[in-house]
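Observations on chain architecture
Listed below, chain by chain, are the residues.
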Amino acid sequence: MMAQMKYAVLLRGVNVAGNRKVAMADLRRVLESLGHGEVSTYLQSGNAVVSTEKSNAGRLERRIEKALASELSVDTRVLVRTHPELTALIDGNPFPAALAEPKFLHVVFLGDNPTPAAVATMDPTAYAPDEIEFGDRAAYVRYAGGQGRSKLTPAAWNRLGVVWTARNWNTVEALARLTAA
């Protein structure tokens, strides 16, 4: 028997402003129907944790996407991260001073590392006073006045040419705790 691995499952753009509604009970049911164990959800914004023997993250993402589409008629992208990936992300935070007000610190999870040319389209000076730093398949964002006032709109992130979904720092830390084996 293969060892179980825990993953954080991040659904993109569900339950935001009334769009693509997914009840967390339905999400848990779909994930359990795929054979995942220890299924739990966090908040109402498309975060879950599962245990599985599957070790190919890309296949796991596609399998969950297909199940959401067929069982819930929800067309959304899914990103998964392991506990070591989440802890590396937390340890790599380039804005430690932002932890004094973590509601202003977010992580934009990326499906792949964007090309250097795509990253160059995100000139940090264009978004000042907000700050951006790129990590491994992620971008860290420190919002100076809150996300609602930022020039870092979905259109800006879409220019990267990769799947993305954002979570606030408190959610990132909670998912790291929940994926700890």
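What counts as what
- Residues numbered from 1 in each chain as written.
- Predicted model: local features only at pLDDT ≥ 70, side-chain atom pairs only at ≥ 80, totals over all residues.
- Heavy atoms only, no water.
- Pairing = 2+ DSSP bridges.
- Helix = DSSP H or I, 4+ residues; strand = E, 2+ residues; numbered from the N terminus.
- Axes fitted to C-alpha atoms, helices over the stretch in contact; angles between N-to-C directions.
- Contact = heavy atoms within 4.5 Å.
- Buried < 20%, exposed > 50% of the residue type's maximum accessible area, 1.4 Å probe, protein only.
- Polar contact = N/O pair within 3.5 Å; in protein donor to acceptor, adjacent residues only side chain to side chain.
- Core = buried A, V, L, I, M, F, W, Y, C linked by side-chain atoms within 4.5 Å.

A word on the sheet that holds strand 4 (residues 78-82)
- Here four strands make up an open sheet; going across it, the order is 2-3-1-4 and the pairing antiparallel. Since the sheet does not close on itself, it has two edges, and those belong to strand 2 (37-42) and strand 4, each with one partner. Adjacent strand axes in the sheet meet at a mean angle of 25 degrees, parallel and antiparallel pairs treated alike.
- Alignment of strand 1 (residues 5-11) against strand 4, held across five bridges, turns out to be antiparallel. For Tyr-7, the partnering residue across the bridge sits in strand 4 and is Thr-82.
- Running at roughly 140 degrees to strand 4, helix 2 (residues 57-72) makes contact with strand 1, strand 3 (47-52) and strand 4 of the sheet.
- Contacts from helix 3 (residues 83-91) reach strand 1 and strand 4 within the one sheet, and its direction differs from that of strand 4 by about 85 degrees.

Comments concerning the side chain of Thr-76
- Topologically, Thr-76 is positioned in the loop between helix 2 and strand 4.
- For Thr-76, a relative accessible area of 3% gives the class buried.
- One polar contact links the side chain of Thr-76 to the main-chain carbonyl oxygen of Arg-12, over a distance of 2.4 Å.
- Discounting residues that sit within four places of it in the chain, Thr-76 has contacts with Leu-11, Arg-12, Val-14, Arg-20, Glu-65 and Leu-68.

As for the nonpolar core
- With 21 residues, the main nonpolar core has Val-9, Leu-27, Ile-64 and Leu-68 as its most contacted residues.
- Mapped by element, the contributors of at least two residues to this core are strand 1, helix 1 (24-33), strand 3, helix 2 and strand 4.
- The element contributing the most residues to this core is helix 2, with five residues.
- The contact partners of Leu-27, leaving out residues within four places of it in the chain, are Leu-11, Val-22, Thr-41, Ala-48 and Leu-68.
- If you look at the next biggest cluster of nonpolar residues, it comprises 18 residues, including Leu-105, Phe-109, Tyr-140 and Trp-169.

Considering the sheet that holds strand 7 (residues 138-142)
- Read across the sheet, four strands follow the order 6-7-5-8 without closing on themselves; strand pairing throughout is antiparallel. Of all the strands in the sheet, just strand 6 (131-135) and strand 8 (164-168) have a single pairing partner and so form its edges. Recorded for the sheet is a direction-independent mean angle of 20 degrees between the axes of neighbouring strands.
- Where strand 6 and strand 7 come together, five bridges link them in antiparallel fashion. For Gly-135, the partnering residue across the bridge sits in strand 7 and is Ala-138.
- Across the face of the sheet, helix 6 (residues 169-179) comes into contact with strand 5 (105-110), strand 7 and strand 8 while running at roughly 95 degrees to strand 8.

So, the pairing of strand 4
- For strand 4, a buried count of five out of five residues is recorded, marking the element as mostly surrounded by other parts of the structure.
- Residues Val-78, Val-80 and Thr-82 of strand 4 are buried on one face, and the alternating residues Leu-79 and Arg-81, pointing to the opposite face, are buried as well.

Concerning the environment of Tyr-127
- Secondary-structure assignment places Tyr-127 in the loop between helix 4 (116-120) and strand 6.
- The exposure class assigned to Tyr-127 is buried, which follows from its relative accessible area of 8%.
- The sequence separation of Tyr-127 and Ser-150 amounts to 23 residues, and the corresponding C-alpha distance is 7.4 Å.
- The residues contacting Tyr-127, other than those within four sequence positions of it, are Thr-121, Met-122, Ile-132, Lys-151, Leu-152, Ala-156 and Arg-159.
- At 2.4 Å, the side chain of Tyr-127 and the side chain of Arg-159 are in polar contact.

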